[in-house]
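Residue-level structural notes
Take a look at the letters that make up each chain.
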Amino acid sequence: MTVVYARKIKTEQIPVLPLRRKLLSESARELLAYALEREFGLHASDYTEKKDENGKPYLEGCPVFFNISHSGEYVVCALSDAAVGVDIEKINPISIKVMLRFFGKAILSPRDQMRIWTRYESYGKFAGIGIPHKTEDIPCFYREFEQIEKYFITVCSAKDDCSALVICDDDGAEKENDL
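So, a few notes on the structure that sits alongside this text. Residue positions are given per chain, counting from 1 as you read along its sequence in written order. In keeping with the predicted nature of the model, local features appear solely for residues at pLDDT of at least 70, side-chain atom pairs appear and are counted solely at 80 or more, and the whole-chain, interface and lining totals rest on all residues. Values reported for side chains reflect all heavy atoms of the structure, with hydrogen atoms and water molecules removed beforehand.

**Here we look at the packing of aromatic side chains**
Classification of ring pairs uses Phe, Tyr and Trp, with its six-membered ring standing for Trp, and accepts pairs whose centres are within 6.5 Å; under 30 degrees between planes counts as stacked, over 60 as edge-to-face, and the remaining range as tilted. All chains considered together, the criterion is met by 3 aromatic pairs. Ring geometry for Y123 versus F126: centroids 6.0 Å apart, planes at 50°, classification tilted. Note that Y123 and F126 are positioned in helix α3 (residues 110-127) at a spacing of 3 residues, about one turn of the helix. If you follow R119 out to its NZ or CZ, it ends over the ring of Y142, 3.8 Å from the centre. Under the DSSP-based scheme used, a helix requires at least four consecutive residues in state H or I and a strand at least two consecutive residues in state E, with every element numbered from the N terminus. Two conditions define a charge located above a ring, namely a distance within 6 Å from the ring centre to NZ of Lys or CZ of Arg, and an angle within 35 degrees of the ring normal.

See the structure below:
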């Protein structure tokens, strides 16, 4: 089973980009700990976070695979019993130069750009290879989410079993979007 958690983080009070990224990264790990406990009854503190030979993070000895991402004011965490990658991006236009470099073509719609970008990035994170220049070398399944206004989320996983997007608000309340 694969499940995705998302949470909005208040970042407007932090004007310095590196500090904002640090807050988002820490918040994503807090979301991971929360989701691990809620979904599987596991405590992240019982495991040591390590990185594999390609730099993909994992929790040593934990039976759950995970991946995290952040963009704008949101963090996401995907949990699964099989390999998984997730990417969230705020829908903003990407330069033609970047589109040509990574995709070999210019895509004009910002929504379509984010759809393709999150697909590539989630696959690279799933496969543990970073941003690839092509996908589909390893069999996988994609699930896309657009429930958060102005954001696009894509999950890439080894199994076609993504069951829900759980959006946590500032007060800890959850809104589950069953698929």
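**Looking at the side chain of E89**
Locating E89 in the fold gives a position in strand β6 (residues 84-90). When a residue's accessible area, from a 1.4 Å probe over protein chains only, is under 20% of the maximum for its type it is buried; when over 50% it is exposed; and in between it is partly exposed. Neither His nor the chain ends is counted toward charge; the positive residues are Lys and Arg and the negative residues Asp and Glu. Each reported salt bridge corresponds to a side-chain nitrogen of Lys or Arg within 4 Å of a carboxyl oxygen of Asp or Glu. Summary of buried charges: E89 has no salt-bridge partner, and the nearest side chain of opposite charge, K125, is 7.6 Å away. The contact criterion used is simple: two residues touch if any of their non-hydrogen atoms lie within 4.5 Å. When near neighbours in sequence (up to four residues on either side) are disregarded, E89 contacts S71, M114, W117, T118, E121, K150, Y151 and F152.

**Quick look at the nonpolar core**
Membership of the largest hydrophobic core comes to 22 residues, with the highest contact counts inside it found for Y5, L32, L36, L59, C62 and L79. Elements that contribute at least two residues to this core include exactly β1 (2-8), α1 (17-40), β4 (65-71), β5 (74-80) and β9 (162-168). Among the elements that line this core, the one with the most residues is α1, at 6 residues. When residues no more than four places from it in sequence are discounted, the contact partners of L79 are M1, T2, V3, L32, A35, L36, E39, F40, V64, F65 and F66. Among the nonpolar cores identified, the runner-up in size contains 16 residues, and A6, V76, I88 and Y151 belong to it. Take the buried Ala, Val, Leu, Ile, Met, Phe, Trp, Tyr and Cys residues and link them wherever side-chain atoms come within 4.5 Å; each set so joined is a nonpolar core.

**Things to note about the sheet that holds β6**
Across the sheet, 3 strands lie side by side as β6-β8-β7; this open sheet has antiparallel pairing. Looking at the sheet topology across the chains shown, the edges are occupied by β6 and β7 (141-145). With direction set aside, neighbouring strand axes in the sheet form an average angle of 15°. As judged from the 5 bridges shared by β7 and strand β8 (residues 151-157), these two strands associate in the antiparallel manner. Each bridged residue has a counterpart across the sheet, and for F141 the counterpart in β8 is S157. Interaxial angle, 0 to 180 degrees, is taken between N-to-C directions of lines fitted to C-alpha atoms, where a helix line uses only the stretch in contact. Of the strands in this sheet, β6, β7 and β8 are in contact with α3, which crosses β6 at around 150°. In this scheme, strands are said to pair when DSSP sees at least two bridges between them.

**Let's talk about the side chain of N67**
Relative to the elements of secondary structure, N67 occurs in strand β4. Overall, N67 belongs to the buried group, its relative accessible area being 4%. A polar contact is formed between the side chain of N67 and the backbone nitrogen of V86, at a distance of 3.0 Å. Polar contact is the term for a pair of N or O atoms within 3.5 Å; when the atoms are in protein, one must be able to donate a hydrogen and the other to accept it, and sequence-neighboring residues count only if both atoms are side-chain atoms. Within the structure, the side chain of N67 is placed 3.3 Å from the side chain of K125, a separation counted as a polar contact. Contacts of N67, omitting those with residues within four sequence positions, involve K56, V76, C77, A78, V84, G85, V86 and K125.

**Comments concerning α1**
To estimate how far a helix should extend, the number of its residues minus one is multiplied by 1.5 Å. The end-to-end C-alpha separation of α1 is 34 Å, in line with the 34 Å expected for 24 residues at 1.5 Å each. At its buried positions, α1 is contacted by β1, β3 (57-59), β4, β5 and β9. Note on α1: the residue one or two positions beyond its end, G41, has a positive phi of about 70°.

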